[in-house]
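# A structural walkthrough
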Amino acid sequence: MDNNSPASGGFKGGLGSLFGGGNPEYSNTELAGVPLTGMSPLSPYLNVDPRYLVQDTDEFILPTGANKTRGRFELAFFTIGGCCITGAAFGTLNGLRMGLMETRDMPWSKPRNVQILNMVTRQGASWANTLGSVALMYSVFGVAIEKARGAEDDLNTVAAGTLTGMLFKSTSGLKGAARGGLVGLAMSGLYALYNNWDHLKGRSPSHY
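The rules behind each value
- Residues numbered from 1 in each chain as written.
- Predicted model: local features only at pLDDT ≥ 70, side-chain atom pairs only at ≥ 80, totals over all residues.
- Heavy atoms only, no water.
- UniProt positions renumbered as here; feature names shortened; annotations may be inferred.
- Helix = DSSP H or I, 4+ residues; strand = E, 2+ residues; numbered from the N terminus.
- Axes fitted to C-alpha atoms, helices over the stretch in contact; angles between N-to-C directions.
- Parallel < 35°, antiparallel > 145°, perpendicular 65-115°, else oblique.
- Left-handed = near helix turned anticlockwise from the far one by under 90°.
- Contact = heavy atoms within 4.5 Å.
- Nonpolar A, V, L, I, M, F, W, Y, C, P; charged D, E, K, R; others polar.
- Phe/Tyr/Trp six-rings, centres within 6.5 Å; stacked < 30°, edge-to-face > 60°.
- Buried < 20%, exposed > 50% of the residue type's maximum accessible area, 1.4 Å probe, protein only.
- Lys NZ or Arg CZ within 6 Å of the ring centre and 35° of its normal.

Listed under "transmembrane region" (unreviewed entry) in the UniProt record, and renumbered for this structure, are residues 75-96. Along residues 75-96 one finds 100% helix and 0% strand; the C-alpha atoms at either end are 32 Å apart.

Given below as structure tokens:
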């Protein structure tokens, strides 16, 4: 039986009228979503112009004058917390390793378990305190330099890393502070290079 016969069309129209449809039938071209020439691309399923569904603006609404990226002050909390958790995890593993090595001649007993637990707790707290302090100094220097310069760029990162290393090793004298500054300069420089690696790779080579 031919489904495109007038009888079939009348049957479909009757069902459509019965259920409150009564809408004209769409051709295969219209159902495929291909707009006709000179007509707006209306969807036969939603009866909505798909052009209104396209988002030409940002997904999030920001206050007037707000930046699209978080500043150093907002990132400071994440940086400090992340460094504390990382230091605690590393210190825990290091304390477990040291505790097992120092008590390897002792049989498995309560004194050995207590000694290993004390080593794990001590190392975890020490490393968490150290990395948390470094992150705090780095964040404070970064926010202060950003506010003083009125700009946010990689120079703030390198300067904050250098000052953090110098202050952290300042108790070791001038030579220790200098070495700490060099370490901070190297680490912050590598971090800035990592952040701009895609930009450096995509830049066209210079011709002299």
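Attention now moves to the packing of helix 5 (residues 154-168) against helix 6 (residues 173-195). Put simply, helix 5 and helix 6 touch, their axes get as near as 6 Å, and they point 150° apart. Comparing the axis directions of helix 5 and helix 6 gives the class roughly antiparallel. Handedness of the helix 5/helix 6 crossing: right-handed. Residues Asp 154, Thr 157, Val 158, Gly 161, Thr 162, Gly 165 and Met 166 of helix 5 touch helix 6, and the partners they reach there are Ala 177, Gly 180, Gly 181, Gly 184, Leu 185, Ser 188, Gly 189, Tyr 191 and Ala 192. Grouping the amino acids of the contact of helix 5 with helix 6 by side-chain chemistry returns 6 nonpolar, 9 polar and 1 charged.

Let us now look at the packing of aromatic side chains. As enumerated under the stated definition, the model contains 2 aromatic pairs in all. Summarising the aromatic geometry, the rings of Phe 73 and Phe 77 are spaced 5.4 Å apart at their centres and angled 85° between planes, so their arrangement reads as edge-to-face. Taken together, the residues span about one helical turn, with Phe 73 and Phe 77 both in helix 3 (residues 72-102) at a distance of 4 residues. Here Phe 73 matches Phe 77 in class, with each residue exposed. Across from the ring centre of Trp 108, 4.0 Å away, lies the NZ or CZ of Arg 112, which sits over that ring.

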